[in-house]
Amino acid sequence: MIYEIKDSNEKKDIARTVLEALDEWFEVEESREGYIRDCADWTFLAAKDNDNVMGFLCLKETGNATVELAVMGVLKEYHRTGVGRQLVEKAKELAKAAGYEFMQVKTVKMGMYEDYDKTNLFYIGCGFKELEVFPLLWDEANPCQIYVMYLN
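Residues numbered from 1 in each chain as written. Predicted model: local features only at pLDDT ≥ 70, side-chain atom pairs only at ≥ 80, totals over all residues. Heavy atoms only, no water.

Asks: Please give an account of the layout of surface pockets that cites residues and values.
Replies: Counted as a void, the largest pocket has a volume near 1,400 Å³. Around the largest pocket, the lining comprises 41 residues; the ones closest to its centre are Trp25, Phe26, Thr107, Tyr116 and Thr119. Among the secondary structure elements, those contributing two or more residues to the lining of the largest pocket are α2 (29–38), β4 (66–74), α3 (83–97), β5 (102–108), α4 (114–125) and β6 (129–139). Taken together, the residues of the lining of the largest pocket sort by class into 22 nonpolar, nine polar and ten charged. (1 Å grid on protein atoms, 1.4 Å probe; cavity = no way out; pocket = protein on both sides within 12 Å on 5 of 7 lines; lining within 4 Å. Points joined across faces, edges and corners; volume = space filled by probe spheres on them. Helix = DSSP H or I, 4+ residues; strand = E, 2+ residues; numbered from the N terminus. Nonpolar A, V, L, I, M, F, W, Y, C, P; charged D, E, K, R; others polar.)

Pasting the structure below:
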């Protein structure tokens, strides 16, 4: 089941549990800690099976018509089970209901790292379209791919 979490401490606890288990994607401590800190202020969805956390997703406003899928993580044992897609679908519902027209997500450009290629394919499979690559937004080793989705 997908739940919207409102409590700041619960958001941080869930984010820490999931992100620390996904070190292939969140190995940079400064970045990981930033997500954990910032998620307290964002719309936060958690996928849970009873009390067991499976994953989470956070949305943040980036413009009056646009919301960003700011961070998402699904524990490895739940990859390819539909949990991630359920989180994205619920995020789309919430974003549309809040009046947003677009959703965007940033990730590392396809072809750089196998783990991120899987992430790119996941977002494309959810309906995101390539918008632009910013080669130096993060650094040369991690060119930033931006995907967008129209929330019709």
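And the narrative resumes.
Asks: Any details on the sheet that holds β6? Residues and values, ideally.
Replies: Spatial strand order, β1-β2-β3-β4-β5-β7-β6: seven strands in an open sheet with mixed pairing. Edge positions in the sheet fall to β1 (2–5) and β6, since each of these pairs with one other strand and no more. Across the sheet, the axes of successive neighbouring strands diverge by a mean angle of 30°, strand direction being ignored. Where strand β3 (residues 52–61) meets β4, seven bridges bridge the pair, whose relative direction is antiparallel. Each residue of the ladder has a partner; that of Cys58, found in β4, is Val71. Along the sheet, helix α1 (residues 8–21) makes contact with β1, β2 (43–49), β3 and β4, crossing β3 at roughly 115°. (Pairing = 2+ DSSP bridges. Axes fitted to C-alpha atoms, helices over the stretch in contact; angles between N-to-C directions. Contact = heavy atoms within 4.5 Å.)

Asks: Go over unusual backbone geometry, please, and point to the residues and values.
Replies: With a phi angle near 60°, Asn50 is a residue other than glycine that sits in the positive phi range. For Asn50, the position within the fold is in the loop between β2 and β3. In this model, Arg80 sits at a positive phi of 65°, which is unusual for a non-glycine residue. Structurally, Arg80 can be placed in the loop between β4 and α3. A residue is classified by how much of its surface remains accessible, and Arg80, at 87% relative accessible area, is exposed. (Buried < 20%, exposed > 50% of the residue type's maximum accessible area, 1.4 Å probe, protein only.)

Asks: Account for the packing of α1 against α2, naming residues and giving values.
Replies: When two helices pack together, their arrangement is given by the angle between their axes and by how far apart the axes lie. Where α1 contacts α2, the two axes come as close as 8 Å, and the packing angle between them is 155°. Judged by the inter-axis angle, α1 sits roughly antiparallel to α2. As for how α1 packs across α2, the hand of that crossing is right-handed. Residues Lys12, Ala15, Arg16, Leu19 and Glu20 of α1 form the contact with α2, whose own contacting residues are Arg32, Glu33, Tyr35, Ile36 and Arg37. Its residues placed into classes, the contact of α1 with α2 shows four nonpolar, no polar and six charged. (Parallel < 35°, antiparallel > 145°, perpendicular 65-115°, else oblique. Left-handed = near helix turned anticlockwise from the far one by under 90°.)

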